[in-house]
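Listed below, chain by chain, are the residues.
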Amino acid sequence: MKFLTFVAIIGVIWLVGLFAFADRVRGYTPAAEPARADAIVALTGPSAERVNAAIRLLEQDKGQRVLISGVNREVRRQELRALTPGSSKLFNCCVDLGFEAEDTIGNAQEIAAWADAKGYDSLIVVTSDYHMPRALTEIRAASPGLELSPYAVETPSLDNSRWWRAAVTARRMTLEYLKYLAALGRALVGGGEYQRPGAEPVGEAA
């Protein structure tokens, strides 16, 4: 009986945490106008909107440069530029591409290496609303000294206080919550911090 009570309590805590997480996700959008930072980073995702948002911030002089982290190795620079509205000149001069990251942990390491190589202390982080809590957690774990400002891209299907009623949105929110808890656990035990090897800047623009 005590074991079942314990399991029930854990289940309730987990469920409360899930709804608190969902509320936090919805709170990221619409994104507030960010203060200027040293630079901007965009974590690639299922659409080009994250990259587009980062380029718009660059055009507004919200940072010196942009890093697009997690670019598919098969994507050429000119192909990515063609999908991005705005000045080609600005894209050519001030956008770096990172090809090493394959997941959010890799994004965090890539961003930490790039920021360290460039000497940046503050970043605007651009990613989807549901992905933002985990992205911030992983980046802070990789580079604790960085000042991070979130700039979330809204996921239309999650713009609903009853997200749990649809299987697709409930699954997305629940899976992201589980991934966030894992990231939080790694951060609490001190895992994931970027080790400075004195390497060359990541994804330097040609």
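First, a word on what this report is: a plain description of the structure on this page.

About the thresholds
- Residues numbered from 1 in each chain as written.
- Predicted model: local features only at pLDDT ≥ 70, side-chain atom pairs only at ≥ 80, totals over all residues.
- Heavy atoms only, no water.
- Helix = DSSP H or I, 4+ residues; strand = E, 2+ residues; numbered from the N terminus.
- Rg over C-alpha atoms; globule rule 2.2 N^0.38 Å.
- Contact = heavy atoms within 4.5 Å.
- Areas by Shrake-Rupley, 256 points an atom, 1.4 Å probe, with all protein chains shown as cover.
- Lys, Arg positive; Asp, Glu negative; His and termini not counted.
- Charge placed at Lys NZ, Arg CZ, Asp CG, Glu CD.
- 1 Å grid on protein atoms, 1.4 Å probe; cavity = no way out; pocket = protein on both sides within 12 Å on 5 of 7 lines; lining within 4 Å.
- Points joined across faces, edges and corners; volume = space filled by probe spheres on them.
- Nonpolar A, V, L, I, M, F, W, Y, C, P; charged D, E, K, R; others polar.

**Some details on the overall build of the chain**
Along the backbone of the chain there are seven helices and five strands. A globule of 206 residues ought to have a C-alpha radius of gyration of about 17 Å, and the chain, at 18 Å, matches this closely. Overall size of the chain, expressed as C-alpha extent along the three principal axes, is 65 × 35 × 35 Å. Looking at the chain alone, contacts between residues at least 24 apart form 80% of all its contacts between residues at least 6 apart. By element, 55% of the accessible surface of the chain is carried by carbon and sulfur atoms, the whole surface being about 11,000 Å². Where the 23 positive side-chain charges of the chain centre and where its 24 negative ones centre are 6 Å apart.

**Describing the layout of surface pockets**
Vacant regions in the atomic arrangement are exposed by a probe of water-molecule size rolled over the atoms. Here the largest pocket defines a volume of roughly 270 Å³. Along the walls of the largest pocket sit 16 residues, with Tyr130, His131, Arg134, Glu176 and Lys179 positioned nearest its centre. Taken together, the elements giving at least two residues each to the lining of the largest pocket come down to helix 5 (104–118) and helix 7 (167–188). Tallying contributions element by element places helix 7 first for the lining of the largest pocket, with five residues. Split into classes, the residues belonging to the lining of the largest pocket amount to three nonpolar, five polar and eight charged. In this structure, the second largest pocket encloses a volume near 180 Å³. Together, Thr44, Gly45, Ser47, Ala48, Arg50, Val51, Val71, Asn72, Val75, Leu80 and Leu83 line the second largest pocket. Partitioning the lining of the second largest pocket into residue classes produces six nonpolar, four polar and one charged.

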